[in-house]
Amino acid sequence: MTTTRFAPSPTGYIHVGNLRTALMNYLIARKAGGTFILRIDDTDPERSKEEYVDAIKQDLEWLGLHWDRVERQSDRLDRYAEAADKLREIGRFYEAFETPTELDLKRKKQLNMGKPPVYDRAALSLSEAEKEALRAERGNGVWRFKLDHERIEWNDGILGDISIDAASVSDPVLIRGDGQVLYTIASVVDDTEMGVTDVVRGSDHVTNTATQIQIIEALGGTCPRFAHHSLLTGPQGEALSKRLGTLALRDLREQGVQPMALLSLMARLGSSDPVELRADMSELIDGFDIGRFGAAPTKFDVQDLFPLTAKHLQSLPLADVSEAVADAGVPADLAEPFWTMARENITTLGDLKAWWDLCRDGAEPLIDDEDRAFIAEAMDLLPDGPFDGDTWGTWTKAVKEATGRKGKGLFMPLRKALTGMERGPEMATLLPLLQVIRARG
Ligand code: GLU
């Protein structure tokens, strides 16, 4: 059975880059009728925070990316310790004692000599007595996985055939000197034991994947299918990594971005399918195909989310937004006509309040000098209320007959006088909502 997981580290809020990973894994699982696991990668007790775990869940729920179960790495430390023991038993795990400064020096030397900066495995030749002495002097060493120096190959769901020379990669550290288990081994143990069949993650993990394939094999597990999506860049192709902090999902929510707008964009961006607003999650699931994504960096422009949000809002009935309409101050008896008018004229629900304020308080009228007499005459002709959808038509017809004005010369001064703007909602829909005018009825 298809099983995927989204595995954030709870060290911050999730952003659009994380969402791409989450969404791809979610869609694969749902399309196959499989399982989607939310895995919290919290083996780092200093940086992991409970508030971020909660925030990640809230953000995913807001988007409707429901998980089938949650797993936490901090609950599974004994499983990782067992795997570490096994690697020791089969001779694929060794303790190394270099300090970060020493490692840095080694790397610099290698680079100076034009060699790739790969760990030289000096620790492999330490005798037991030497290790004892180092332990006494520096404390416990780190534990490195001994890679087999051969080519590591896989068929990547996005990148195609990949082949990496293991000799060009340092033996990965899986356990730190203080005993902290690192993601590289924890993830492998989890993916294997939880029966994860498909792993989609960012292309910054390609080298990790190479080493993890060897670890999985060493532990006797079965490799999942891997796919690495490209990383997002800004609209000009600039690196987004520094700006991702400002592209947290909660900030977008705060700015009024609608979930379907965000999902519609992220589920297709970087693929050969066009980005179009989808009505609901099932449409996204049906049309999703990981094979249609390309390897090239993907440009992301936060501004693209707003036209999609506006379009989505236009499609919604009052029932879906009644809370926001009430929050804007609209009385219940006017909610329906107000929403019919407003939804064509907003980008986000945050714009509702300004429209209601205009309806309630009236706008600062915009009247050109040459229109003053005309507007005064028109106002006298305004029929008695109550106003409905026909009032505008009846009124402007009477004004036309009385003044001889027609077309733009008739309608534009009236619009400007009533709304203070040259463009805006259908006047026929707006007029019955204007409270100052209603008061005359
Ligand atoms: N916690 C890892 C990360 O956030 C998970 C990577 C993976 O999907 O394996 O980068």
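Residues numbered from 1 in each chain as written. Predicted model: local features only at pLDDT ≥ 70, side-chain atom pairs only at ≥ 80, totals over all residues. Heavy atoms only, no water.

K.L.:
Got a sec to walk through the overall build of the chain? Specific residues and values, please.
P.N.:
Looking only at helices and strands, the chain has 19 helices and 12 strands in total. Expected size for 441 residues packed as a compact globule is a radius of gyration near 22 Å; at 31 Å, the chain overshoots this value by more than 25%. Expressed along its principal axes, the backbone C-alpha trace of the chain runs to roughly 105 × 45 × 40 Å. Nonlocal contacts in the chain, meaning residues at least 24 apart in sequence, comprise 74% of its contacts between residues at least 6 apart. (Helix = DSSP H or I, 4+ residues; strand = E, 2+ residues; numbered from the N terminus. Rg over C-alpha atoms; globule rule 2.2 N^0.38 Å. Contact = heavy atoms within 4.5 Å.)

K.L.:
Describe the site of the ligand, listing the residues and the values that go with them.
P.N.:
For the ligand, the full set of nearby residues is Arg5, Ala7, Ser9, Asp41, Tyr183, Ser187, Arg201 and His205. At 2.7 Å from a nitrogen atom of the ligand is found a side-chain nitrogen or oxygen belonging to Asp41. Out of a free accessible area of 300 Å², the ligand has 79% covered by protein chains. (Near = heavy atom within 4 Å. Polar contact = N/O pair within 3.5 Å; in protein donor to acceptor, adjacent residues only side chain to side chain. Areas by Shrake-Rupley, 256 points an atom, 1.4 Å probe, with all protein chains shown as cover.)

K.L.:
Tell me about the nonpolar core, and name the residues and values.
P.N.:
Counting 49 residues, the largest nonpolar core has Val16, Leu27, Leu60, Leu65, Leu262, Met266 and Phe300 as its most contacted members. Counting residues per element, the ones that place at least two in this core are α1 (16-31), β2 (35-40), α2 (50-63), α8 (249-254), α9 (259-266), α10 (281-286) and α11 (305-314). Ranked by the residues each element gives to this core, the list is headed by α1, at nine residues. Here Leu27 is in contact with Ala267, Met281, Leu284, Ile285 and Phe288, once residues within four sequence places are set aside. (Core = buried A, V, L, I, M, F, W, Y, C linked by side-chain atoms within 4.5 Å. Buried < 20%, exposed > 50% of the residue type's maximum accessible area, 1.4 Å probe, protein only.)

K.L.:
Which residues make up the sheet that holds strand β4 (residues 93-96), and what values do they have?
P.N.:
Taken in spatial order, the three strands make up an open sheet running β4-β5-β8, and their pairing is antiparallel. A single partner strand is all that each edge strand has here, and the edge strands are β4 and β8 (173-175). Strand-to-strand twist of the sheet, defined as the mean angle between neighbouring strand axes without regard to direction, takes the value 45°. Here strand β5 (residues 142-145) pairs with β8 via two bridges, running antiparallel. By the bridge assignment for β8, Arg144 is matched with Val173. (Pairing = 2+ DSSP bridges. Axes fitted to C-alpha atoms, helices over the stretch in contact; angles between N-to-C directions.)

K.L.:
I'd love a proper account of the sheet that holds strand β1 (residues 3-6), names of residues and values included.
P.N.:
The three strands are arranged β1-β2-β3 in an open sheet whose pairing can be described as parallel. The open sheet is flanked by β1 and β3 (69-72), the only strands paired with a single partner. Here the strands of the sheet are splayed against their neighbours by 30° on average, with no regard to which way each runs. When β2 meets β3, the two strands line up parallel, connected through four bridges. When the sheet's bridge partners are listed, Arg39 is paired in β3 with Glu71. In this fold α2 packs onto β1, β2 and β3, with an angle of close to 155° to the strand it touches most, β2. Packed on one face of the sheet, helix α6 (residues 183-193) meets β1 and β2 and runs near 150° to β2.

K.L.:
So, the side chain of Asn25: which residues are in play, and what are the values?
P.N.:
Structurally, Asn25 is set in helix α1. Once residues lying within four places of it in the same chain are set aside, the contact partners of Asn25 are Thr4, Arg5, Phe36, Asp198, Val199 and Val200.

K.L.:
Outline the side chain of Arg39, listing residues and values.
P.N.:
Structurally, the position occupied by Arg39 is in strand β2. For Arg39, the side chain forms a polar contact with the side chain of Asp41, separated by 2.7 Å. A polar contact of 3.1 Å, which involves the side chain of Arg39, links it to the side chain of Ser187. Setting aside residues up to four positions removed in sequence, Arg39 forms contacts with Arg5, Phe6, Ala7, Pro8, Glu71, Gln73, Tyr183, Ser187, Asp190 and Asp191.

K.L.:
Tell me about the packing of helix α13 (residues 335-342) against helix α14 (residues 352-361), and please be specific about residues and values.
P.N.:
Remark: α13 packs on α14, axes separated minimally by 11 Å, with the N-to-C direction vectors making an angle of 115°. For α13 against α14, the interelement crossing comes out right-handed. Residue-level inspection shows Phe338, Trp339, Met341 and Ala342 of α13 in contact with α14, the latter providing Leu352, Trp355, Trp356 and Cys359. Here the residues of the contact of α13 with α14 sort into eight nonpolar, no polar and no charged. (Left-handed = near helix turned anticlockwise from the far one by under 90°. Nonpolar A, V, L, I, M, F, W, Y, C, P; charged D, E, K, R; others polar.)

K.L.:
With reference to specific residues and values, describe the pattern of salt bridges.
P.N.:
Scanning all chains against the criterion turns up 36 salt bridges. Through salt bridges that share partners, Arg5, Arg39, Asp41, Arg76, Arg79, Glu82, Asp190, Asp191 and Glu193 make up one connected network. (Salt bridge = Lys/Arg side-chain N within 4 Å of Asp/Glu carboxyl O.)

K.L.:
How would you sum up the packing of aromatic side chains? Please name residues and give values.
P.N.:
In total, this model carries eight aromatic pairs according to the counting rule given. With a centroid separation of 5.8 Å and 45° between ring planes, the pair formed by Phe288 and Phe293 is classed as tilted. Accessibility expressed as a relative area gives 5% for Phe293, which makes it buried. Here Trp392 and Phe411 contribute two aromatic rings whose centre-to-centre distance is 6.1 Å and whose plane-to-plane angle is 35°, an arrangement assigned as tilted. Note that Trp392 is positioned in helix α16 (residues 391-403) and Phe411 in helix α17 (residues 407-419), a separation of 19 residues in sequence. (Phe/Tyr/Trp six-rings, centres within 6.5 Å; stacked < 30°, edge-to-face > 60°.)

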